[in-house]
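Here's the letter readout for the chains.
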Amino acid sequence: MERITLAHGDGGELAHQLIQQLFVAHFHHDAFVKFDAALLSIEKGKLAITTDSFVVKPLFFPGGNIGKLAVVGTVNDLAVSGAIPKAITCGFILEEGFPISDLKRIVQSMAEEAQKIGVAIVAGDTKVVERGAADGIYINTTGIGIVEEPLVPSFQEGDSVIISGSVGDHGITIFAARGELGLMTNLTSDCAALSPMISQATKASKQIRIMRDPTRGGLATALVEICEDFQLTIELSEDAIPIKREVEGACDLLGFDPLYLANEGKVIFIVAKEDEQKVLQAIRSREEGKEAAVIGTVRATEKGQLLLRTPLGTTRRLYRLTGLLLPRIC
Amino acid sequence: MPELLTPQMNKTVSQLLLKEVVRLSKQFQHKFNRLPAFMEVCGSHTMALARTGVKKALQNDIRLISGPGCPVCVTDQSIIDAMISLTDGENRIICTFGDMMRVPGSDGTLMQAKTEGNDIRVVYSPVDAVRVAEQHPEKEVIFLGIGFETTIPILAAAIKEAEEKRILNFSMWMSTKLVEPILRYLLDYDDLALDGFLLPGHVSMVMGRKHFEFLAEEYRLPAVISGFEAVDLLSSLRQLLLLALAERPLVMNNYQNVVTEDGNTHAKHWMNHYFSLCDEAWRGIGSIPNSGMDIRKEYEQWDAKKKFSVLAKRPRKTKCRCGEIIRGLIEPPECALFAKACTPLHPVGPCMVSSEGSCAAYFQYMREE
């Protein structure tokens, strides 16, 4: 089996071959490829820039792999900020001995995903570290997008909170894929690019106040942050939150709370009540948004608290995630 | 039962049950001139009562007292310290349930020991620790065996596997606890004034309904074995109230799709095959005779206490009141450290760390500020 050696990262002949045969062959390139930096022309609007590193374990899991995740993770951060993703860069840290065939699969799915979304992978870097100094492969991606119409976070009492689908799928999938559970599930990660669904939603309503993708820390942590950032009191209805039976079962077994599990293909929308159904329909028109649901309401524009109404009619306050033992989920 | 209900039916049924429980509680108060007081023995029930909102919905109707049902919380500090100091030795892999990682020892936690480079692994079953031993014949693999009757058969399964495969670099440092002796202790020595017990679903699955008949026969108290959903909890509380009102001490099984009269005889057989009764030290109580199980002499090659020695340390004194909390004597907010010096990120005692701990349940699900 062909494997990564330290020479693949030394900037010499082997490094050149890897770049030409793998990265340049799969990723975007044009006349400017001869410069040390990618040159992009921008149209009107504001630039949005975000960066993220990916260390997920295992590298391949049902519904995706570290490469797909590295593209969609960064693209999603742009999309929920109201930006149209344009270009991304990627940095690879490879462990000596990493199978080149695995690297190929990863690079191919990055290229496929980028093409689907219409974003160009314009620059990259590869470093190789000695065996044992990293765990296979780590990827960093930086994304650039353009914001033409920035979201206006002017909230009102009665605004609706929408989630684009079931929560916790990614967290449990990764956990089960590590094989530490001895648990078989048919779950797949929800890992997906959100920009197409978001562009449908923003077309349907000009009254979307904010969007967030609830990744690490899950739905609850993302909403606690929104509540604190904008001094909102949001009340969720526990029985309205879509959770797959399998996720619920695994959570019961492991003592996890699905509201705190990572997602990689979900968006929280806060939208004016009058546009709630329009946005819901727009999201549901996409495969990845079929299970979208209204899960709560902005109760007040003060205090900064996230509340959960249980089916019994009592409420309890939700806080940030504290100390869950789930490292390397993305 | 709940999985047969649609979410909407579930909601309707639990709301109806809640009304009924409140109505019965009023009758009880009228008859006895005080609030009914029930203890939930199991840590998962403590969590479920808080998470589902049942405890809050009934705060003016039932005194729900959390009992000694969280395995990490009831473990005496000296045992926690001994387990953590096992990491000091060379050439060892320590395997543990996740709950133990952040439990504060007198000298740091397993998590800190891991950060310092010790090989400490979280496993979900002790049988996985046997696999680790199989993969690393050059190392000694030690599993930290904490738990109640729910866990003890799985610990037995691990030793069975090690015995069958002749894996001798695996051993277990056991500190298991039994429910019956601690309930007897609380009823005999503590000033609890209970009207009944909500009995643990999972322990009963292993031990069977009959195992708990001593509560009715010797202590004249009703008890109901319960599941873990809001509907289960409420219908069990309803049964408890009916029994308490009628002054009928009976042990009822309200978790019938899981719990039988005699429990899992197979599991009980293997528990007794590898383990025998031993005295165990309980947090805040001290040693209770025959309140736990440890490895029989015939199988001592898998007994970490026989293979390794640890230096006994004097546990560091803190103001933590976990010892009183597990006995149901105080509620978490009555501890001066609660949510101030003691939080899930900086826990002082195990009740704040464990996913079954009363303080963790209170902190996560019942705090208002």
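Residues numbered from 1 in each chain as written. Chains lettered and ligands numbered in written order. Predicted model: local features only at pLDDT ≥ 70, side-chain atom pairs only at ≥ 80, totals over all residues. Heavy atoms only, no water.

Quick word on the overall build of chain A
Of the regular secondary structure elements, chain A holds 8 helices and 13 strands. Computed over its C-alpha atoms, the radius of gyration of chain A comes to 21 Å, within 12% of the 20 Å expected for a compact globule of 330 residues. Counting the 330 residues in chain A, one finds 52% classified as buried. For chain A, contacts bridging at least 24 residues in sequence account for 86% of all contacts bridging at least 6. If you sum the accessible surface of chain A, you get close to 14,500 Å²; carbon and sulfur atoms cover 50% of it. Computed over 33 positive and 42 negative side-chain charges, the inter-centroid distance for chain A is 3 Å. (Helix = DSSP H or I, 4+ residues; strand = E, 2+ residues; numbered from the N terminus. Rg over C-alpha atoms; globule rule 2.2 N^0.38 Å. Buried < 20%, exposed > 50% of the residue type's maximum accessible area, 1.4 Å probe, protein only. Contact = heavy atoms within 4.5 Å. Areas by Shrake-Rupley, 256 points an atom, 1.4 Å probe, with all protein chains shown as cover. Lys, Arg positive; Asp, Glu negative; His and termini not counted. Charge placed at Lys NZ, Arg CZ, Asp CG, Glu CD.)

Notes on a nonpolar patch on the surface
Residues and elements named next belong to chain A. Residues I42, L47 and I49 make up a contiguous nonpolar surface patch of roughly 320 Å² in combined accessible area. In this structure, L47 sits in strand β1 (residues 46–54). L47 gets classed as partly exposed once you look at its relative accessible area, which sits at 47%. (Patch = residues over 30% accessible without salt bridge, like charges linked within 9 Å, V, L, I, M, F, W, Y side chains within 5 Å. Salt bridge = Lys/Arg side-chain N within 4 Å of Asp/Glu carboxyl O.)

Considering the packing of aromatic side chains
Centre-to-centre distance and the angle between the planes together describe a pair of aromatic rings. All names here are of chain B. Enumeration over the complete set of coordinates arrives at 16 aromatic pairs over all chains. For the pair F228 and Y255, a centre-to-centre distance of 5.9 Å together with 75° between the ring planes defines the contact as edge-to-face. Of the two residues, F228 is situated in the loop between β8 (223–225) and α12 (230–245) and Y255 in the loop between β9 (251–253) and α13 (265–274); the sequence distance between them amounts to 27 residues. Here F228 and Y255 have matching classes, each one buried. (Phe/Tyr/Trp six-rings, centres within 6.5 Å; stacked < 30°, edge-to-face > 60°.)

Considering the sheet that holds β1(A)
Residues and elements named next belong to chain A. In space, the 4 strands of this open sheet follow the order β1-β6-β4-β5, with mixed pairing throughout. Every other strand in the sheet has two partners, leaving β1 and β5 (120–129) as the edge strands with one partner each. Between one strand and the next, the sheet's axes are offset by a mean angle of 15°, whatever the strand orientation. For strand β4 (residues 84–95) and strand β6 (residues 137–147), the ladder comprises 10 bridges, and the chain directions are antiparallel. (Pairing = 2+ DSSP bridges. Axes fitted to C-alpha atoms, helices over the stretch in contact; angles between N-to-C directions.)

Describing the interface of chain A and chain B
With 21 residues of chain A at the interface, the matching set in chain B holds 28 residues. Overall, the association of chain A and chain B removes approximately 2,100 Å² of surface from exposure, summing both partners, and the carbon and sulfur fraction of that is 51%. The interface formed by chain A and chain B includes 1 salt bridge. Scanning the region where chain A abuts chain B turns up 8 residue pairs in polar contact (both at pLDDT 80 or more). (Buried area = accessible area lost by both parts, 1.4 Å probe. Polar contact = N/O pair within 3.5 Å; in protein donor to acceptor, adjacent residues only side chain to side chain.)

Concerning the domain arrangement of chain A
Where interface size is quoted, it is often the accessible area lost as the parts come together. All names here are of chain A. In terms of domains, chain A is made up of domain 1 (6–147) and domain 2 (160–318). Computed from C-alpha atoms alone, the centre-to-centre distance between domain 1 and domain 2 is 28 Å. Taken residue by residue, the interface counts 19 residues in domain 1 and 19 residues in domain 2. Taking both sides of the interface into account, the surface hidden between domain 1 and domain 2 amounts to around 1,500 Å²; carbon and sulfur atoms contribute 67%. Applying the counting rule to domain 1 against domain 2 returns 0 salt bridges. For the side of domain 1 that touches domain 2, the residue count by class is 11 nonpolar, 4 polar and 4 charged. (Domains from an automatic or database assignment. Nonpolar A, V, L, I, M, F, W, Y, C, P; charged D, E, K, R; others polar.)

Structural notes on the UniProt feature "domain: PurM-like N-terminal" (unreviewed entry) in chain A
Taking the numbering used here, the UniProt-annotated feature "domain: PurM-like N-terminal" (unreviewed entry) corresponds to residues 36–147 of chain A. Helix makes up 29% of residues 36–147 of chain A and strand 41%, with an end-to-end C-alpha separation of 26 Å. (UniProt positions renumbered as here; feature names shortened; annotations may be inferred.)

Some words on the environment of K273(A)
Residues and elements named next belong to chain A. Note that K273 resides in the loop between β10 (268–271) and α8 (276–284). Sequence spacing of K273 and C227 is 46 residues, and the spatial spacing of their C-alpha atoms is 18 Å. Here K273 is in contact with G158, D159 and S160, once residues within four sequence places are set aside. There is a polar contact of 3.0 Å between the side chain of K273 and the side chain of E276.

Considerations on the domain arrangement of chain B
Residues and elements named next belong to chain B. In terms of domains, chain B is made up of domain 1 (2–71 + 189–253), domain 2 (72–178 + 263–307) and domain 3 (322–365). Summarising the inter-unit geometry, the C-alpha centres of domain 1 and domain 3 are found 22 Å apart. With 18 residues of domain 1 at the contact, the number on the domain 3 side is 14 residues. The largest contributions to the domain 1 side of the interface with domain 3 come from M47, C70 and D190, which together make up 38% of the buried area. Connecting domain 1 to domain 3 are 1 salt bridge. Between E331 and K55 there is a salt bridge; the shortest N-O distance is 3.5 Å. Those elements giving two or more residues to the side of domain 1 that touches domain 3 turn out to be α2 (43–51) and β2 (63–66). With 6 residues, α2 is the single largest residue contributor to the side of domain 1 that touches domain 3.

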